[in-house]
Each structure stands twice: as C-alpha cells, then as structure tokens.
Amino acid sequence: LFRWELEDLARDQLAGMPADVQLALSDFMDAVVIVDPAEYQRRPDEPQRPLRTLPFGKAGLVTFLVYEPDDLVLVTRVIWTG
Amino acid sequence: VADHGRISISCPGARRRALSAALSLPGSAEGQPDLVVTGEARDSGKSHARCPGDCSSTFAGAALALRSSVDPATLKYMTAQHHEPPVPDHPAETPAAIRAALAANASSEVLRQYDAELDAAFAEARETGDLTVLITAVRRWWIEALEWRRDPAGQRAFLARMERYLAEGPPGPAHRITREEFRAQLGV
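What counts as what
- Residues numbered from 1 in each chain as written.
- Chains lettered and ligands numbered in written order.
- Predicted model: local features only at pLDDT ≥ 70, side-chain atom pairs only at ≥ 80, totals over all residues.
- Heavy atoms only, no water.
- Helix = DSSP H or I, 4+ residues; strand = E, 2+ residues; numbered from the N terminus.
- Buried < 20%, exposed > 50% of the residue type's maximum accessible area, 1.4 Å probe, protein only.
- Contact = heavy atoms within 4.5 Å.
- Areas by Shrake-Rupley, 256 points an atom, 1.4 Å probe, with all protein chains shown as cover.
- Buried area = accessible area lost by both parts, 1.4 Å probe.
- Polar contact = N/O pair within 3.5 Å; in protein donor to acceptor, adjacent residues only side chain to side chain.
- Pairing = 2+ DSSP bridges.
- Axes fitted to C-alpha atoms, helices over the stretch in contact; angles between N-to-C directions.
- Parallel < 35°, antiparallel > 145°, perpendicular 65-115°, else oblique.
- Left-handed = near helix turned anticlockwise from the far one by under 90°.
- Nonpolar A, V, L, I, M, F, W, Y, C, P; charged D, E, K, R; others polar.
- Phe/Tyr/Trp six-rings, centres within 6.5 Å; stacked < 30°, edge-to-face > 60°.

Chemist: Would you mind showing me how to read the overall build of chain B here?
Modeler: Within chain B one finds seven helices and seven strands. The helix and strand sequence of chain B, counted from the amino end, reads β-β-α-β-β-β-β-α-α-α-α-α-β-α. Classification of the 188 residues of chain B by burial places 43% in the buried group. Sequence-distant contacts in chain B: of pairs separated by 6 or more residues, those separated by 24 or more amount to 59%. By element, 52% of the accessible surface of chain B is carried by carbon and sulfur atoms, the whole surface being about 9800 Å².

In structure tokens form, the structure reads like this:
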C-alpha cells in the first residue's frame with residue numbers, strides 16, 4: 001500500500017491556506033492512495049508518470065511524486081487560487 | 001456567440017470555468033459548431049438563460065447540446081455556475097487564454113505538455129461524450145497559468161527540484177511530514 005506524505009516546502013505552502021483547504025487536500029490525497037498511484041491512468045494510452053498534477057477542491061492544484069521503491073506518494077506543491 | 005465553429009459566453013458575474021472550457025470545442029463541420037446553444041430550459045425553446053447566481057447576467061449557453069455526442073442527462077448538469085467576480089489580472093479560463101498566458105511566461109516544454117494534454121482531453125471528450133476530463137484539464141492548466149504569471153522564477157525552481165527528485169529520489173524523512181503528523185496538526 002502506498003502512503004502519502006508532505007514535503008516540507010509543500011507544508012509551508014499549506015500553512016498559509018484556510019483549514020478547510022488543508023483538510024480538503026488531506027482527504028484528496030487519502031483518495032489518491034486508495035488506488036495504486038503507480039498504475040493510475042486517466043485514459044488507457046496515458047503514459048505512466050511518476051509526477052502528477054491534479055485539481056482538488058474548488059480551486060486547488062496539487063502535484064505529487066510517486067516513488068515506488070518506498071511506496072511513497074510525496075506532495076511537492078500545493079496551489080490554492082480561491 | 002458562435003464564431004467559426006466556436007462558441008463563447010460572457011457573464012460578468014461568473015468566472016466561466018467549466019462552461020467556457022466546454023464551449024471552445026472546435027466545429028465538426030465548416031461553419032457548424034459542435035456545441036449548440038439551447039438555453040437553460042431546453043424544452044421551452046429559450047435561447048438565453050440567466051446566471052444562476054445573483055449577478056443578474058443573461059447569456060446564451062447556460063445549457064448546451066454537444067451535437068449528436070453528449071448524453072442529455074450529462075447536459076442537465078452542464079450549466080453555468082455563479083462565482084465571485086473575475087479578478088481583472090487573471091487570464092480567462094479558456095484554452096486559448098491559458099495557452100497565451102503559458103506562452104508568455106512558461107518554457108516551451110511546459111507549453112508542449114499543455115498542448116498534448118489538452119489535445120488528449122479534447123479527443124476523449126469527443127469519443128466518450130463526457131466532458132469531465134476536458135474540464136479537469138482546463139482547470140488544472142488555468143491554475144498553472146496563474147502561477148506562471150504570478151511567479152515564473154518560482155515555477156522554474158519547482159520544476160528543477162522535481163527533475164532532481166526524479167533523477168535522485170525524493171528528499172529524506174527530515175524534509176517530509178507524514179499524513180498522520182499533518183492530520184494531527186489539523187486537529188483531526
């Protein structure tokens with residue numbers, strides 16, 4: 001099973017965001033690791049990429065690195081435009 | 001407004017997020033848009049609709065029909081959403097405006113990624129009649145465009161950091177916070 005963690009720089013980005021946004025990000029990442037992130041594809045022909053960027057919440061964007069050797073999904077950037 | 005196979009709306013009180021993305025689908029035949037405006041109440045035959053928020057804007061295209069390829073049940077939910085007034089300095093949330101913003105601020109590699117992802121999303125939307133992937137792609141890249149416009153140096157530094165992680169592996173535990181630690185900080 002994969003687990004997710006925050007890079008300290010991403011934690012710093014989150015620190016300036018509302019609590020509900022931080023919680024939304026946490027819930028979103030919980031969902032990301034429910035399925036195998038290394039196998040996840042949005043369409044059949046999409047190349048598997050270890051670095052992914054997806055929208056979350058109403059106005060958020062999260063980038064994470066999938067590092068299979070450690071079963072780690074590391075959040076490396078969080079942007080909130082709300 | 002239909003123009004060479006493209007349709008766009010203007011609603012001063014809305015940020016035109018999902019709808020404007022959908023409206024930029026290119027035409028399937030000369031002079032004929034893939035998308036046709038049918039009005040908020042398709043059954044009534046009205047050609048204009050009112051913003052569902054409180055901006056009192058009236059515009060064409062609150063409900064859409066993707067010519068012969070979208071399930072009407074899907075269209076029921078393809079209605080304009082009200083948002084706070086747009087920020088003047090922000091690019092419109094449309095494929096063309098996003099591309100212009102990226103071209104002005106980001107690298108050619110980022111622009112190439114945007115084109116490839118949007119092309120794939122358009123293709124899937126046409127194939128499946130489901131606009132979710134297209135809307136998600138436009139939203140993702142709109143936010144990217146905002147960031148490139150706001151802090152291009154920061155974005156370049158971020159990409160360089162990611163290249164390093166991809167080549168050498170992620171930073172060590174001293175530079176990471178676990179899910180449990182983070183949620184404890186949130187009080188959940």
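Chemist: Where do I start with the interface of chain B and chain A in this structure?
Modeler: Interfaces are often sized by the accessible area lost when the parts come together. Counting residues at the interface gives 31 residues for chain B and 34 residues for chain A. Interface area lost by chain B to chain A is led by B:Arg176, B:Ile177 and B:Phe182, which between them contribute 19%. Where chain B packs against chain A, one counts 14 residue pairs in polar contact (both at pLDDT 80 or more). For the side of chain B that touches chain A, the element with the highest residue contribution is helix α5 (residues 132-150) of chain B, accounting for eight residues. Bridge count for strand β1 (residues 3-7) of chain A against strand β7 (residues 176-178) of chain B is three bridges, and the pairing is antiparallel. Counterpart to A:Glu5 in the pairing with β7(B) is B:Thr178.

Chemist: Got a minute to help me understand the packing of helix α3 (residues 95-105) of chain B against helix α4 (residues 108-128) of chain B in this structure?
Modeler: Packed helices, taken two at a time, are described by the angle between their axes plus the distance between the axes. Residues and elements named next belong to chain B. The geometry of α3 relative to α4 is characterised by a closest axis approach of 9 Å and an angle of 165° between their N-to-C directions. Of the possible angle classes, the one that applies to α3 and α4 is roughly antiparallel. For the pair α3 and α4, the sense of crossing is right-handed. Counting all contacts with α3, which are made through Pro-95, Ile-98, Arg-99, Leu-102 and Ala-103, the residues of α4 involved are Val-110, Leu-111, Tyr-114, Asp-115, Leu-118 and Phe-122. Of the residues belonging to the contact of α3 with α4, the class tally is nine nonpolar, no polar and two charged.

Chemist: Which parts of the structure should I look at to understand the packing of aromatic side chains?
Modeler: In this description, an aromatic ring pair is defined by two values, namely the gap between the centres and the angle between the planes. Tallied over the entire structure, the rule returns four aromatic pairs over all chains. Ring geometry for A:Trp4 against B:Phe182: centres 6.2 Å apart, planes inclined by 70°, an arrangement best described as edge-to-face. Note that A:Trp4 is positioned in strand β1 and B:Phe182 in helix α7 (residues 179-186), a pairing that runs across two chains. The burial state of A:Trp4 is the same as that of B:Phe182; both residues are buried. Note on B:Tyr114 and B:Trp141: the rings are 5.5 Å apart at their centroids and 70° apart in plane angle, and the pair reads as edge-to-face. Highlighted residues: B:Tyr114 in helix α4 and B:Trp141 in helix α5, separated in sequence by 27 residues. On the basis of relative accessible area, B:Tyr114 is assigned to the buried category, the value being 1%. Looking at B:Trp141, the relative accessible area reads 2%, which means it is buried. A connected cluster of aromatic rings, assembled from ring pairs, spans A:Phe28, A:Phe56 and A:Trp80.

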